[in-house]
Amino acid sequence: MVTHNSAFNAYKQNSVTTASPGELTLMLYNGCLKFLTKAKNAIETNDVQEKNINIQKAQAIINELMVTLKQDQPITQELLPLYDYMNRRLIEANIKNDTAIIDEVIGLTTEFRDTWKQVIQMTRQQQYGNAQQV
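This structure is a prediction, so every number in the text was calculated from the model and none was measured. The numbers attached to residues start from 1 for each chain and follow its sequence in the written order. Thresholds applied to this predicted model are a pLDDT of at least 70 for local features of residues and 80 or more for the giving and counting of side-chain atom pairs; totals over whole chains, interfaces and linings are not thresholded and use all residues. Water and hydrogen atoms were dropped before computing side-chain values, which therefore reflect all heavy atoms in the structure.

Caption draft 1: Structural view of the overall build of the protein chain. Secondary structure elements are defined from DSSP: runs of H or I of at least 4 residues count as helices, runs of E of at least 2 residues count as strands, and each element is numbered from the N terminus. Looking only at helices and strands, the protein chain has 5 helices and 0 strands in total. Listed N to C, the secondary structure of the protein chain is α-α-α-α-α in terms of helices and strands. Per-residue and other accessible areas were derived by the Shrake-Rupley procedure at a 1.4 Å probe size, with only the shown protein chains allowed to occlude residues. For the protein chain, the computed accessible surface area is about 9000 Å², with 55% contributed by carbon and sulfur atoms.

Structural data, given as structure tokens:
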């Protein structure tokens, strides 16, 4: 079992260090969704500590997404207020133990993640399409 965990951890570390910036962003969205789901489950089982830990982890990811935005891109002016809104909603969800708010943030995060996946796929198609024309 220890060997399996070591191999898995090495795989995870390698996948992060070899990922493109776009893939890293996708990993952040997926991680955020994982922590939001855990927080929601913790609220449902009345595990206050687990809820708090996982909401804070989701907020840390959202903060990372905020600080890594390129300020010279027009989309930044649209994303920053949405990320800020998500963070404020998670504070509220944490205080009120409100799974509906977490569901709202899960919905927004899922939309961002799915859009980002499409961007990555389109970029890859353009790269490989251009490579075949050379």
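Caption draft 2: Quick peek at the nonpolar core. Put simply, a nonpolar core is a bunch of buried Ala, Val, Leu, Ile, Met, Phe, Trp, Tyr and Cys residues held in one set by side-chain atoms that sit within 4.5 Å of each other. Burial classes: relative accessible area under 20% of the type maximum marks a residue as buried, over 50% as exposed, and values in between as partly exposed (1.4 Å probe, protein chains only). Counting residues in each nonpolar core, the largest one holds 24 residues, and the members touching the most others are Leu-36, Ile-62, Tyr-83, Leu-90 and Ile-102. Those elements that provide at least two residues to this core are helix 2 (21–44), helix 3 (48–67), helix 4 (76–96) and helix 5 (99–133). Ranked by the residues each element gives to this core, the list is headed by helix 2, at 7 residues. Any two residues whose heavy atoms approach within 4.5 Å at even a single point are treated as in contact. In contact with Ile-62, not counting residues within four places along its chain, are Cys-32, Tyr-83, Met-86, Asn-87 and Leu-90.

Caption draft 3: View of the pattern of salt bridges. Basic side-chain nitrogens of Lys or Arg form a salt bridge, by our definition, when they fall within 4 Å of a carboxyl oxygen of Asp or Glu. Taken as a whole and assessed by the stated rule, the structure comprises 7 salt bridges. When the shortest N-O distance is used, the salt bridge between Glu-23 and Arg-124 registers 2.5 Å. Placement of Glu-23 in helix 2 and of Arg-124 in helix 5 is noted, with a sequence separation of 101 residues between them. On the basis of relative accessible area, Glu-23 is assigned to the partly exposed category, the value being 25%. Looking at Arg-124, the relative accessible area reads 37%, which means it is partly exposed.

Caption draft 4: Focus on the packing of helix 2 against helix 3. Where helix 2 contacts helix 3, the two axes come as close as 8 Å, and the packing angle between them is 160°. Our classification of the angle between helix 2 and helix 3 gives roughly antiparallel. Read as a crossing pair, helix 2 and helix 3 show a hand that is left-handed. Contacts from Thr-25, Leu-28, Tyr-29, Gly-31, Cys-32, Phe-35, Leu-36, Lys-38, Ala-39, Ala-42 and Ile-43 in helix 2 reach Glu-50, Lys-51, Asn-54, Ile-55, Lys-57, Ala-58, Ile-61, Ile-62, Glu-64 and Leu-65 in helix 3. Among the residues making up the contact of helix 2 with helix 3, the classes are represented as 13 nonpolar, 3 polar and 5 charged. All axes are obtained by fitting lines to C-alpha atoms, using only the stretch in contact for helices, and the reported angles, taken between N-to-C directions, cover 0 to 180 degrees. Oblique is the label for any angle not covered by the other classes, which are roughly parallel (under 35 degrees), roughly antiparallel (over 145) and roughly perpendicular (65 to 115). With the far helix as reference, a near helix turned anticlockwise by less than a right angle produces a left-handed crossing, and one turned clockwise produces a right-handed crossing. Three classes are used, and their members are as follows: Ala, Val, Leu, Ile, Met, Phe, Trp, Tyr, Cys and Pro are nonpolar, Asp, Glu, Lys and Arg are charged, and the others, Gly among them, are polar.

Caption draft 5: Main features of helix 3. Over its 20 residues, helix 3 runs 28 Å from end to end, which matches the ideal 28 Å to within 8%, given 1.5 Å per residue. Those residues of helix 3 that sit buried are Lys-51, Asn-54, Ile-55, Ala-58, Gln-59, Ile-61, Ile-62, Leu-65 and Met-66. All buried residues of helix 3 fall inside an arc of 155° around its axis, so they share one side. In helix 3, the exposed residues that point more than 90 degrees away from the buried face are Gln-49 and Val-67. A helix's residues, less one, multiplied by 1.5 Å, set its expected span. In this description, the arc belongs to the directions extending from the helix axis to the C-beta atoms.

Caption draft 6: A look at unusual backbone geometry. Residues other than glycine seldom take positive phi values, yet Asn-46 does so here, at roughly 60°. Along the chain, the position of Asn-46 falls in the loop between helix 2 and helix 3.

Caption draft 7: Just the packing of aromatic side chains, in detail. Two aromatic rings from Phe, Tyr or Trp, using only the six-membered ring of Trp, form a pair when their centres are within 6.5 Å; if the ring planes differ by under 30 degrees the pair is stacked, by over 60 it is edge-to-face, and anything between is tilted. Counted under the stated rule, the structure contains 2 aromatic pairs. For the pair Tyr-29 and Phe-112, a centre-to-centre distance of 6.1 Å together with 20° between the ring planes defines the contact as stacked. Here the residue Tyr-29 occupies a position in helix 2, and Phe-112 occupies one in helix 5, the gap between them amounting to 83 residues. Here Tyr-29 falls in the buried class, since its relative accessible area comes to 4%. An aromatic cluster is present here, built from Tyr-29, Tyr-83 and Phe-112 joined pairwise through their rings.

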